[in-house]
Amino acid sequence: MSHALRSHTWRRAAGLVAASTLALTVVAPSATAAPPTTGKTDDGAITVAGSWLKGELTDGLVDAGGFTDYGLTLDAGFALDQAGDKSGVATINRAFQPVISDYISGDAFGDAGSTYAGSVAKAATFARVAGANPTSYGGVNLVTRLEARVSAIAPIVGRIEDKSTYGDYANTLGQSYAVRALTEAKSQRAADAVAFLLAQQCTSGFFRQDFTKDKAATAQGCAEGQTGSEPSVDATALAVVNLLEGDAKGPGVNAAVDNATDWLVTQQKKNGSFAGNTNSTGLAGWALGLVKDRTSAAKAATWVRKQQPVDKNRCRSALTKDTGAIAYEAKAVKAARNSGLTDGDVRGQWRRATAQAMAVLQWAPAANAELSVTLQRTSAESGDKVRVKVWGLAPGERACVSIKGDPKRIVGKASAKPVTRKLTMPTGNKTRIVKVKTADDAAKTRISVRN
């Protein structure tokens, strides 16, 4: 499946974007040097992630064990949209419209007359992504409902506010969705919402997550270095994504996006991750991909892909049936290989990580060659350790290479070099098969083994 990136004109250098599919290789080529990196992207990782995520829906919604997680359902919808899965988005859209009121207010739960501004903004954004009408979504005009929650009173003009007996929990995350929804609706309140969002950006370029608690305070913007203005990778990334995807206009928008993405680049670790988890890495990488910083986006995508276990063939584990799921962090993979994705918090964490991380996988680098496996010799004795080279794994791509009795989990390198392992030859005078298996491809070769 090929990905068409939305066209945003920005100052960062553009990379190449193309899809790559690998065919089953039966006869391995000679072990010559691999060609240089192609610059293409591989849709395999985002496709398999989307398939798993769609399979986690119950009647089109995310069941979180006794209650519906509406916010995560919308995250899944945005992720499936980025994967190009129109049917998955449509499934969520059909299921979400009848329950929209349960998400945007607490009327049915004792919070009479309430409206949760961030929820309305996120739902209105999804409605447009799904090709629905946000002014008549499930019988609700989400645009006017949102406009009513955008303050017109100084000093908080443009700030979204919850109307609830439980208090006001609106924040920058919801504000960015409000900016996108109102901009796309050509609302007269869009400019105020944009201005207030930009006020949440600190001098270093990041966006803080929470608003000033005192609505009467003269200063309603970020005050870097002070309590309440701590940097947030997630808030910064979502601000960039929603400003760009909503095609927001106005004074300072371009500079705000440039400054935000410059700051994000400084937060990326050498291994490609942000904040050590896939949620933040996926969001930040998505933002950087949109401004055409393909190098940073590819590094983030490669790290996220490493947290997407592929325990196929002889490397089977309790995670095999959940191929495509993305772990929140590296240590979660090891634990889940033993116990699997049990219902409750564990499975919920993987669902959330997959939904929020998978968008960056559209920038996952492709392999530089077709998948193949080569051996240093054509025959061996039982018990010998024979060097095996696997070519054609994409950076960060997980696979299993094995011979009977000796499976090895491997991961593709960022360089063009093959992945090398030693496999122990089994007993028995016969020709044995050495096989490598990825999520969507396989290759094999043979070796003669004698006792």
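Since the model is a prediction, treat every value here as computed from it, not as a measurement.

## A few points about the pattern of salt bridges
Evaluated as defined, the whole model comprises 20 salt bridges. Of the charged contacts, one joins E184 and R180 as a salt bridge, the two residues approaching to 3.6 Å between their closest N and O atoms. Within this pair, E184 and its partner R180 are both found in helix α7 (residues 172–184), separated by four residues, close to a single helical turn. We note that E184, like R180, is buried.

## Overview of the packing of aromatic side chains
Each aromatic ring pair is characterised by the separation of its centres together with the angle its planes make. Evaluated as defined, the whole model comprises seven aromatic pairs. Between Y70 and F96, the ring centres sit 5.9 Å apart and the planes meet at 85 degrees, which makes this aromatic pair edge-to-face. Taken together, the positions of Y70 in helix α2 (residues 70–82) and F96 in helix α3 (residues 86–96) put the pair 26 residues apart, joining distant regions of the chain. With respect to burial, Y70 and F96 carry one shared label: buried. Grouped by ring-pair contacts, the aromatic residues Y70, F96 and Y103 constitute a single cluster.

## Focus: the nonpolar core
With 101 residues, the main nonpolar core has L142, W350 and M358 as its most contacted residues. Considering each element in turn, this core owes the most residues, nine residues, to helix α9 (residues 233–245). Residues in contact with W350, not counting those within four places in the same chain, are W52, P309, L319, A325, I326, A327, A332, V333, A336 and L341. Of all hydrophobic cores here, the second largest spans 19 residues; its members include L393, A399, V434 and V449.

## Some details on the environment of C222
By the element assignment, C222 lies in the loop between β1 (207–208) and β2 (231–232). Spatially, the C-alpha atoms of C222 and V150 are 19 Å apart, while their sequence positions differ by 72 residues. Contacts of C222, omitting those with residues within four sequence positions, involve A199, Q200, Q201, C202, F206, R208 and S229.

## Side note on the state of the cysteines
This model, assessed by the stated rule, comprises two disulfides. There is a disulfide in this structure between C202 and C222, and the S-S distance comes to 1.6 Å. The sign of the 85 degrees torsion about the S-S bond sets the C202-C222 disulfide as right-handed. With a gap of 20 residues between them, C202 in the loop between α8 (190–199) and β1 and C222 in the loop between β1 and β2 connect regions that are remote in the sequence. Grouping residues by exposure puts C202 and C222 together as buried. In this model, C315 is linked to C400 through a disulfide, with the two sulfur atoms separated by 2.0 Å. An S-S torsion of about 75 degrees defines the bridge between C315 and C400 as right-handed.

About the thresholds
- Residues numbered from 1 in each chain as written.
- Predicted model: local features only at pLDDT ≥ 70, side-chain atom pairs only at ≥ 80, totals over all residues.
- Heavy atoms only, no water.
- Salt bridge = Lys/Arg side-chain N within 4 Å of Asp/Glu carboxyl O.
- Helix = DSSP H or I, 4+ residues; strand = E, 2+ residues; numbered from the N terminus.
- Buried < 20%, exposed > 50% of the residue type's maximum accessible area, 1.4 Å probe, protein only.
- Phe/Tyr/Trp six-rings, centres within 6.5 Å; stacked < 30°, edge-to-face > 60°.
- Core = buried A, V, L, I, M, F, W, Y, C linked by side-chain atoms within 4.5 Å.
- Contact = heavy atoms within 4.5 Å.
- Disulfide = S-S within 2.5 Å.

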